[in-house]
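Residues per chain are reported as follows:
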Amino acid sequence: MSNTNTTSEVDVIIGSNIRRIREFSGVSKRGLAKAVGISWSQMKKCEDGARRISAGSLFAVARALNCSIDEFWKGVDTGETAVVLPEQSNDAIIVARNFDRIRSPAHRAAIANLIATLADGGALQSAAE
């Protein structure tokens, strides 16, 4: 297997996803670069797909943006059969981001049931039931 430092279509997709999530999160390019420990120009090159981002830096980006590292791979064709998850709206992402911050398990269950009821008329069954 050859080891090259050239970028590829995957690097462009990952960079585009970093930019999308960063902008959605309201984080500046300079702020993200500082949190990751790279220069602003290096971050720009990563977002443009002109520079390959290391696994360690990608992990730091995920932590800085408070998102799953899986988000960066959206749109990358792995060539394997995979479970396709539906796209989430911005509202769904905001709800999901804040849901686990609710301390009360009873409140989380009530909200989950409310959403299920509003969505399709059926209530969720608690995992504890």
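How each quantity is defined
Residues numbered from 1 in each chain as written. Predicted model: local features only at pLDDT ≥ 70, side-chain atom pairs only at ≥ 80, totals over all residues. Heavy atoms only, no water. Axes fitted to C-alpha atoms, helices over the stretch in contact; angles between N-to-C directions. Helix = DSSP H or I, 4+ residues; strand = E, 2+ residues; numbered from the N terminus. Parallel < 35°, antiparallel > 145°, perpendicular 65-115°, else oblique. Left-handed = near helix turned anticlockwise from the far one by under 90°. Contact = heavy atoms within 4.5 Å. Nonpolar A, V, L, I, M, F, W, Y, C, P; charged D, E, K, R; others polar. Patch = residues over 30% accessible without salt bridge, like charges linked within 9 Å, V, L, I, M, F, W, Y side chains within 5 Å. Areas by Shrake-Rupley, 256 points an atom, 1.4 Å probe, with all protein chains shown as cover. Salt bridge = Lys/Arg side-chain N within 4 Å of Asp/Glu carboxyl O. Buried < 20%, exposed > 50% of the residue type's maximum accessible area, 1.4 Å probe, protein only. Phe/Tyr/Trp six-rings, centres within 6.5 Å; stacked < 30°, edge-to-face > 60°. Lys NZ or Arg CZ within 6 Å of the ring centre and 35° of its normal. Arc of directions from axis to C-beta.

Draft legend 1. Focus on the packing of helix H2 (residues 29-36) against helix H4 (residues 55-65). Between H2 and H4, whose axes approach to 9 Å, the crossing angle comes to 120°. Between H2 and H4, the interaxial angle falls into the category oblique. The two elements H2 and H4 meet at a crossing, and its hand is right-handed. Along the contact surface, H2 presents Leu-32, Ala-35 and Val-36, while H4 presents Ser-57, Ala-60, Val-61, Ala-64 and Leu-65. Among the residues forming the contact of H2 with H4, the class breakdown is seven nonpolar, one polar and no charged.

Draft legend 2. Quick peek at a nonpolar patch on the surface. A contiguous nonpolar patch, built from Val-95, Ile-111 and Ile-115 and spanning about 220 Å² of accessible area, is present on the exposed surface. The residue Val-95 is located in helix H5 (residues 90-99) in this model. For Val-95, a relative accessible area of 42% puts it in the partly exposed group.

Draft legend 3. How the structure looks around the packing of aromatic side chains. Evaluation of the coordinates by the stated rule reveals zero aromatic pairs. One residue, Arg-30, lies across the ring of Trp-40, its end atom 4.9 Å from the ring centre.

Draft legend 4. Structural detail: the packing of H2 against helix H3 (residues 40-48). Interhelical geometry of H2 versus H3 gives an angle of 105° and a closest axis separation of 8 Å. Considering the angle they form, H2 stands roughly perpendicular to H3. When H2 is examined against H3, the residues Lys-29, Arg-30, Leu-32, Ala-33 and Val-36 are found in contact with a partner set consisting of Trp-40, Met-43, Lys-44 and Glu-47. Residues belonging to the contact of H2 with H3 are distributed by class as follows: five nonpolar, no polar and four charged.

Draft legend 5. Looking closely at H3. Looking at H3, one finds that the buried residues are Met-43, Cys-46 and Glu-47. Seen from one end, H3 has its buried residues packed into an arc of 95°, which puts them on one side. Each element contacted by the buried residues of H3 is listed here: helix H1 (9-25), H2 and H4. Backbone geometry just after H3 places Gly-49 at a positive phi near 80°.

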